[in-house]
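Remarks on the overall topology
As a plain string of letters, each chain reads:
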Amino acid sequence: MKKILYLIVLVICIGIYIGIYFFYIPILAESTFEQKRESLEIDIKKQIKEAWGSDIALLYFKDYGGAKYLRMDMDAVHLIDNRQDSNMPPYGLAWKLFPNGRYGNSVRTAFESLRPGNFRDLYDLYYIQNRPWIGTYIAPDQDLYTIKVFNYYPVFVGYKTENISLRNYRPSLDDCCIDAKKYIQEEDKDNRMYYKPQNEERVNKIFNLRNDYYYFQFRSFIETNTPNSYTDEFDFASFNFHNHDKFRFPTGNLSWIYNGFYKVYYLTQRSGTMYLSFNDTKYNQELNSYISDKRGICNIVFLIFIIISAIPVIIVHKKTSVKKESVEKPSDTVLSIYEKVVDLSNPERFIKPYQPDKLEKANRIYSNALNNKDNIDILEKLLEEAKAL
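In this text the structure is predicted, and so the values were computed from the model without any measurement.

Rules and cut-offs
- Residues numbered from 1 in each chain as written.
- Predicted model: local features only at pLDDT ≥ 70, side-chain atom pairs only at ≥ 80, totals over all residues.
- Heavy atoms only, no water.
- Helix = DSSP H or I, 4+ residues; strand = E, 2+ residues; numbered from the N terminus.
- Buried < 20%, exposed > 50% of the residue type's maximum accessible area, 1.4 Å probe, protein only.
- Contact = heavy atoms within 4.5 Å.
- Areas by Shrake-Rupley, 256 points an atom, 1.4 Å probe, with all protein chains shown as cover.
- Pairing = 2+ DSSP bridges.
- Core = buried A, V, L, I, M, F, W, Y, C linked by side-chain atoms within 4.5 Å.
- Lys, Arg positive; Asp, Glu negative; His and termini not counted.
- Salt bridge = Lys/Arg side-chain N within 4 Å of Asp/Glu carboxyl O.
- Polar contact = N/O pair within 3.5 Å; in protein donor to acceptor, adjacent residues only side chain to side chain.
- Axes fitted to C-alpha atoms, helices over the stretch in contact; angles between N-to-C directions.
- Parallel < 35°, antiparallel > 145°, perpendicular 65-115°, else oblique.
- Left-handed = near helix turned anticlockwise from the far one by under 90°.
- Nonpolar A, V, L, I, M, F, W, Y, C, P; charged D, E, K, R; others polar.
- Expected span 1.5 Å × (residues − 1).
- Arc of directions from axis to C-beta.
- Phe/Tyr/Trp six-rings, centres within 6.5 Å; stacked < 30°, edge-to-face > 60°.
- Lys NZ or Arg CZ within 6 Å of the ring centre and 35° of its normal.

This part covers the overall build of the chain. Per the secondary structure count, the chain includes eleven helices and eight strands. Classification of the 389 residues of the chain by burial places 37% in the buried group. For the chain, contacts bridging at least 24 residues in sequence account for 76% of all contacts bridging at least 6. Roughly 23,600 Å² of accessible area belongs to the chain as shown, and the carbon and sulfur atoms make up 54% of that amount.

Counting buried positions along strand 8 (residues 262-278) gives 14 out of 17 residues, so the element sits mostly inside the fold. Both strand 5 (residues 146-160) and strand 8 contribute to a ladder of 13 bridges, which runs antiparallel. Residue pairing across strands places glycine 158 opposite lysine 263, the latter belonging to strand 8. The pairing of strand 6 (residues 214-220) with strand 8 spans seven bridges and is classified as antiparallel. Paired with phenylalanine 216 across the two strands is leucine 276, which belongs to strand 8. Bridging between strand 7 (residues 253-258) and strand 8 involves six bridges; their strand directions are antiparallel. Considered in strand 8, the bridge of serine 255 is made with tyrosine 266. As consecutive antiparallel partners, strand 7 and strand 8 are separated by three residues.

Glancing now at the nonpolar core. Ile48, Trp52, Ile138, Ile147, Ile206, Phe207 and Phe216 are the most contacted members of the largest nonpolar core, which has 30 residues in total. Secondary structure elements with two or more residues in this core: helix 1 (2-52), strand 1 (58-63), strand 5, helix 6 (199-207), strand 6, strand 8 and helix 8 (280-328). Of all the elements, helix 1 adds the most residues to this core, at ten residues. Apart from residues no more than four positions distant in its own chain, isoleucine 48 is found in contact with Leu144, Tyr145, Leu209, Phe216 and Leu276.

Within the fold, aspartate 188 resides in the loop between helix 5 (173-186) and helix 6. Of the buried charged residues, aspartate 188 lacks a salt bridge, with lysine 189 as the closest side chain of opposite charge at 6.0 Å. A polar atom in the side chain of aspartate 188 sits 2.4 Å from the side chain of asparagine 191.

Time to look at the packing of helix 10 (residues 356-371) against helix 11 (residues 376-387). Closest axis-to-axis distance for the helix 10/helix 11 pair is 10 Å, and the angle between their directions is 160°. It follows from the interaxial angle that helix 10 and helix 11 lie roughly antiparallel. Here helix 10 and helix 11 pass one another in a crossing that is left-handed. The residues of helix 11 that touch helix 10, namely those facing Arg364, Ile365, Asn368 and Ala369, are Leu379, Leu382, Glu385 and Ala386. Tallied by class, residues from the contact of helix 10 with helix 11 come to five nonpolar, one polar and two charged.

To continue, consider the environment of phenylalanine 119. Relative to the assigned elements, phenylalanine 119 resides in the loop between helix 4 (105-112) and strand 3 (122-130). Spatially, the C-alpha atom of phenylalanine 119 lies 7.4 Å from that of valine 77, the residues being 42 residues apart in sequence. In this structure phenylalanine 119 touches Val77, His78, Asp81, Phe111, Leu114, Leu125, Phe156, Leu254 and Tyr265, once residues within four positions along its chain are discounted.

The subject of this paragraph is helix 10. For helix 10, with 16 residues, the first-to-last C-alpha span of 23 Å sits near the 22 Å given by 1.5 Å per residue. Of all the positions in helix 10, only Leu359, Ala362, Ile365 and Ala369 are classed as buried. When helix 10 is viewed along its axis, its buried side chains cluster within an angular range of 135° and face the same direction. Residues of helix 10 that are exposed and point more than 90 degrees away from the buried face comprise Asp357, Glu360 and Asn371.

So, on to the environment of threonine 333. Looking at the secondary structure, you find threonine 333 in helix 9 (residues 331-344). Separated by 43 residues in sequence, threonine 333 and isoleucine 376 place their C-alpha atoms 8.6 Å apart.

One full turn of an α-helix is made of 3.6 residues, so residues set three or four places apart face in the same direction. Burial of helix 4 is extensive: seven of the eight residues sit out of reach of the surface. Residues of helix 4 that are buried: Ser106, Val107, Arg108, Thr109, Ala110, Phe111 and Glu112.

What the rule picks out here adds up to 21 aromatic pairs. Ring geometry for phenylalanine 33 and tyrosine 283: centres 6.3 Å apart, planes at 85°, overall edge-to-face. Residue phenylalanine 33 is found in helix 1, and its partner tyrosine 283 is found in helix 8; the two are separated by 250 residues along the sequence. You'll find phenylalanine 33 and tyrosine 283 in the same group, each marked buried. Geometrically, the ring pair formed by tyrosine 126 and tyrosine 159 is edge-to-face, given 6.3 Å between the ring centres and 85° between the ring planes. With tyrosine 126 in strand 3 and tyrosine 159 in strand 5, this residue pair connects regions lying 33 residues apart in the sequence. This pair shows no difference in class: tyrosine 126 is buried, exactly as tyrosine 159 is. Through successive ring pairs, a cluster of aromatic residues spans Phe33, Tyr213, Tyr214, Phe278, Tyr283 and Tyr290. Note that arginine 170 overlies the ring of tyrosine 159, its terminal NZ or CZ placed 3.9 Å from the centroid. Above the face of the tyrosine 275 ring, arginine 219 is positioned so that its terminal group lies 4.1 Å from the ring centre.

All right, on to the pattern of salt bridges then. Applying the stated rule across the entire model yields 16 salt bridges. Two residues, aspartate 63 and lysine 181, come together in a salt bridge whose shortest N-O distance is 2.7 Å. Here aspartate 63, found in strand 1, pairs with lysine 181, found in helix 5; they are 118 residues apart in sequence, far enough to count as distant. Using a relative accessible area of 53% as the deciding quantity, one classes aspartate 63 as exposed. On the basis of relative accessibility, which here comes to 12%, the residue lysine 181 falls in the buried class. With a closest N to O distance of 3.6 Å, lysine 282 and aspartate 212 form a salt bridge.

Structure representation (structure tokens):
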């Protein structure tokens with residue numbers, strides 16, 4: 001009966017172990033780490049909101065210096081700039097007239113972003129080969145946690161025709177670029193409200209906000225919004241240069257800053273998107289590690305329980321074995337020893353002749369034998385004493 005009860009208890013414990021090991025621990029782990037994930041998401045979003053403050057956009061500039069300039073062929077520039085809508089599209093003209101590698105794709109993008117006639121007031125135009133500065137503008141896209149990133153950089157510096165006679169007094173190319181940057185920072189109504197000298201530090205702070213599971217990751221705008229091939233059917237003749245579909249044609253917007261002497265053309269392009277990303281790899285690693293640790297503890301507890309449960313069974317088994325051994329000794333053997341002890345220790349044997357010492361021992365042995373006639377262990381000891389009388 002006890003064995004059956006023990007087996008029932010053991011089966012129940014194994015069932016509990018399986019339930020904890022395969023079901024409870026994974027559910028507990030998922031619940032624990034889901035709470036952690038939600039807490040960290042709330043925390044990182046709170047930090048981002050605080051970092052933005054009351055601003056809706058941020059603009060900063062990085063100076064590089066050491067700009068290089070290439071003088072452009074004005075005949076080619078004017079040929080492209082004087083095109084008619086029915087002529088070859090600006091991209092095709094720029095491709096033919098400005099070989100790839102000399103000026104870069106930004107030149108083609110610049111020409112295709114403008115309607116004809118925007119270069120006709122220039123007598124000299126220089127392509128900026130090494131940029132003296134780059135502006136970075138960021139603003140929320142769908143929300144504060146998805147941020148669109150734009151870059152501003154100068155592409156051309158052109159000198160105006162009406163001042164050709166004052167060529168010796170015109171500002172240097174570097175000065176033109178510096179003045180253009182200052183104008184964007186201080187006077188341009190579309191940009192000045194977003195610029196502050198400390199904005200670079202603030203932008204870096206936003207993009208470097210992170211915790212165990214969340215961080216900002218960059219996705220290139222070109223990779224995610226690749227324009228259709230230029231060989232696709234496209235009506236270049238009726239193409240509106242000032243209002244085109246950015247997903248059908250190269251992205252970018254060319255603007256310019258000017259005074260009586262020069263025009264500085266700068267390109268604004270969306271470089272990509274910074275989005276709040278979740279670190280799935282670390283989440284899964286910590287989740288699996290947590291499950292592994294808890295299962296290890298579960299295994300140890302179950303093993304200890306098995307050992308503790310087995311001790312009473314072993315003790316009972318030993319006692320049963322001892323009793324069995326006692327029972328296995330034949331009853332006639334016990335009776336035979338008893339008779340020998342009683343016979344050898346019979347007090348009457350020591351009265352005639354009278355032997356007081358042996359009589360006293362005999363009385364004790366005889367009395368013990370009568371009281372333990374079924375105990376083989378005591379009878380065997382008494383037999384040895386009786387034989388010594």
